[in-house]
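# Descriptive structure summary
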Amino acid sequence: MYGPPSPAAALRMFCLPYAGKGASLYRQWWEASDRRIEFVPVQLPGRENRFRERLVHNLRELVASLAADIAPHTERPYALFGYCMGASIAFELAHQLSDLTGHRPEHLVVAGGTPPHLQRAVSSEKQRTDEELMTELRRLGGTPTAALDDERLLAFALPVLRADWSVVDGYSYRPTPALDVPITVLGSTLDPDVPTDELRQWEHHTNADTRVHVFPGDHFFVDRFPDEVRGLLVSELVAEPADAAPAHGTTAQRAAGYDRDITEALEASGRRALGDVDTSAWTAALHDLDAAALTAMTRAVTNIEDGPSVGGLAERLQVAPRHRWLLDRWVTSLLAEGYAVRRDGALVATNEAAPHSADDGTRVSSACAALGYGDELRGFFLRCNADLPLLLRDKLTVQELWFKGGGFAVAESTYRDNPMARYLNAALAEAVVRHVRNRAGSTPVRVVELGAGIGATTSTLLPMLADTGVEVRYVFSDIAPVFLKAARERFADIPFVEFELIDINDGNGSSTPPADVVLSTNVLHNALDTGATLALLRRMTADDGMLAFVESSREHYQLMASMLFMLSGADGRSRPGSADFRHTENRVCLTQTEWHEQLRRAGFTPAATVPDAKRDPAAVLEQYLYVAFPESA
C-alpha cells in the first residue's frame, strides 16, 4: 500500500491493478482522497517499491498474502476495486476477507473483468514466451509503441507480465455462495476480451444489487477516464456529508441544481432528435473510417528514404511548412497503430494497411451511411483521402473541397444534417431554453453565440426561444463576414437577432455587457490558448449566467486526414493550441477531464456533460455538450 490508511475517511477503497501494473496506476486517485472516500492503492509483490520481492505466479497464493496485509485495516468500512486481473483478485479477496475478519466489504467494484464463472483456466505448465506477451500487449492496445520498442524497459516489464499472466491463465473459479455485497461493474464498448453483454453476468455472484456502467473506448478505459471513473465511484459509494458546505457558494448550489434529472432531460432531447437511428452500428463504422484514413495516410508518407527526423520526411514530401505539425501527427499515429515502422532509415508500410487499400471507397461509403453522414460529407472524405499528397503540399486546400462550388453543403452535412449533430444541437438548445426561462424576470435575456458559422445550431435554437415568450436579445457572431452576410439574409425575419464580429482569440470579445448565456458549437478548440479564451468567456458571461458549448474530445483519424488541414495557420498565423499545453503534442481537441479542469481554472463550475458515457451509446463518437456556471465572486 502507498501508506497506512487514514482513520478520517468514511470509506476505504483498496485498489488492485491490471496485469503488469503497480500501485502507481491509482496514484492520482490516492492524492485526491478526501474524508468521504480514501483510495488505497495496493502494491503487488515484485514491482515498483516491492521490486526486490519474489513475483507470485498463483492467484490463490497472491490473495492469501494480500488478505493478511489488508485484514488489519478492515475494522472501518471498506470496499474493493479491481481492474482486469485485479477484478479476479478483488472478487476472491471479498470472500477471503469476509471469512478471515468477519467484516465483509461495503462494495465490490470490478473493471474490465470477465465474470468468474465464465473464466476458463489454461495450462500453466508452459509459460508465455516474450513474443506471445508482446503480441498480447499489441492486441489489447493501451501500451505506447515506444515502450514496446524499448528493450531496457521490457527487460523489467516482461517478467512481471509473465507472472501476472500466469496468475490469470491459472485461475479457476471454485463455486462459492454469492456475496452479500453490492457489485458495480465497469466495462467499455471496444474491450476485445470482455463483451458488454457479459458484464451483467456478475450479478450471479451477489445477493445484493448489481450496477453496470459502460464507457467508450478499449480495454484501458480507466486509464483514459481516470477522473470520470473516480467521480462515479465517489457518487455511487458514499453520500455527501450532511454538514458539507458548498465549495463555491451559490454557484455550487446552482450546479448541484443541474441534477441528474435535468442532465437526463438534455439527453432525452438529443435522443428524440436521433429518431430511430441505430447507434449500435457506430462503433464499427468509426473503425472503418479510421482504417481508411490510416491507409490513405500510409500511402501518402511511406517508402520515402528518410533519416530519423520527421523534418527530413517533410522535405522529401514537399510538405508545406504550415502543415508539418499535421505530418508529425500522422507519423506518430501510423507508428502507434502499427500501419508503419521505421526500417533502415525509412518509414515503411506494414501489412496493416494492405488488406484494405482496394476497398477503401466502399468502407468509407458504408461507414458514412451507418453514421448518417450525407453524400456531401462522404464525398469530402473520399476526395481528401485520395488527394492527401496534394493537400500536404498546398497544391490543393481543404477549403476548396469544403466550400465546393462556393456553397455550404459539406458544412451543413457536418454540423446540421447528421444524427449526432441533431442530437447535440437539440441538447444544447434544451439547456439554453431552460436557462432563459429561469431568467424571464430579468429581461431582455441576452444570448451570445460564438462562431455561429452556417447557423446550424442557431436554426434549431431560435424557434424554441421564440416559443418561450421571454424577451430575448440574440447575438449571432462569427469571425468571418461571409457567415454574417448569409445569416442576415437567413434570419432577416426574426427581429430579436443581431449580428456581430467576435474573434475568440483577440482578447476583446463582445463590446456589449455580459450575457446571460454564452454558447458555441465546435468553436472553442480553435483557441490559441484555451485558458485565455475561457477567461475571456468568463468576462463575457454574467455572474448568474451560463456557458454551454459542444466540442469533440477525440481527433478521429478521418478528421486528421481532412478537416484538421483547415486549422493549419495561414499567412503566418498561429494554429490552435500553439500557446497552451496542446502544443507539445500537436493536437487540437481537449479531453473531458481537460475541459473540466480548464473551466475550473477560468472560474466556471462544470454542471453537466452530455451524452453521459455510462448510459448513452451515442457517447461512442466522443462529442459532448458541456454546461457550466460562473463561480460566484
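In this report, the structure presented in the accompanying data block is examined. All of these numbers come straight from a predicted model, not from anything done at the bench. (Residues numbered from 1 in each chain as written. Predicted model: local features only at pLDDT ≥ 70, side-chain atom pairs only at ≥ 80, totals over all residues. Heavy atoms only, no water.)

### Describing the nonpolar core
Counting residues in hydrophobic clusters, the biggest one holds 95 residues, and the most contacted among them are Met297, Trp330, Phe380 and Leu625. Ranked by residues supplied to this core, first place goes to helix H12 (residues 282–301) with twelve residues. Among all residues touching Met297, those that are not within four sequence positions of it are Trp330, Leu334, Leu388, Tyr557, Met560 and Ala561. Leu16, Ala67, Tyr78 and Ala87 belong to the second largest nonpolar core, which has 36 residues in total. (Core = buried A, V, L, I, M, F, W, Y, C linked by side-chain atoms within 4.5 Å. Buried < 20%, exposed > 50% of the residue type's maximum accessible area, 1.4 Å probe, protein only. Helix = DSSP H or I, 4+ residues; strand = E, 2+ residues; numbered from the N terminus. Contact = heavy atoms within 4.5 Å.)

### Focus: the pattern of salt bridges
Applying the stated criterion across every chain yields a total of 25 salt bridges. For Arg363, the salt bridge goes to Asp288, with nearest N and O atoms at 3.5 Å. Of the two residues, Arg363 is situated in helix H15 (residues 360–371) and Asp288 in helix H12; the sequence distance between them amounts to 75 residues. Residue class for Arg363 comes out buried when judged on its relative accessible area of 12%. (Salt bridge = Lys/Arg side-chain N within 4 Å of Asp/Glu carboxyl O.)

### What to know about the packing of aromatic side chains
Scanning the model with the defined rule gives 23 aromatic pairs in all. The interplanar angle of 55° and the centroid separation of 5.3 Å between the aromatic rings of Trp29 and Phe39 together place this pair among those described as tilted. Placement of Trp29 in helix H1 (residues 27–31) and of Phe39 in strand E2 (residues 37–41) is noted, with a sequence separation of ten residues between them. Look at Trp29 and you get buried, because its relative accessible area is 2%. (Phe/Tyr/Trp six-rings, centres within 6.5 Å; stacked < 30°, edge-to-face > 60°.)

### Observations regarding the pairing of strand E16 (residues 623–630)
The buried fraction of E16 is high, at seven of eight residues. The sheet contact formed by strand E14 (residues 541–552) and E16 spans six bridges and is antiparallel. Across the sheet, the residue bridging to Ser552 is Gln623, located in E16. Where strand E15 (residues 604–610) meets E16, six bridges bridge the pair, whose relative direction is antiparallel. Among the inter-strand pairings, Phe604 is bridged to a residue of E16, identified as Pro630. (Pairing = 2+ DSSP bridges.)

### A word on empty space enclosed by the protein
Enumeration over the complete set of coordinates arrives at two cavities of 30 Å³ or more. There is about 30 Å³ of room inside the second largest cavity. For the second largest cavity, the full set of lining residues is Leu44, Pro45, Arg47, Val56, Leu62 and Asp164. Tallied by class, the residues present in the lining of the second largest cavity amount to four nonpolar, no polar and two charged. (1 Å grid on protein atoms, 1.4 Å probe; cavity = no way out; pocket = protein on both sides within 12 Å on 5 of 7 lines; lining within 4 Å. Points joined across faces, edges and corners; volume = space filled by probe spheres on them. Nonpolar A, V, L, I, M, F, W, Y, C, P; charged D, E, K, R; others polar.)

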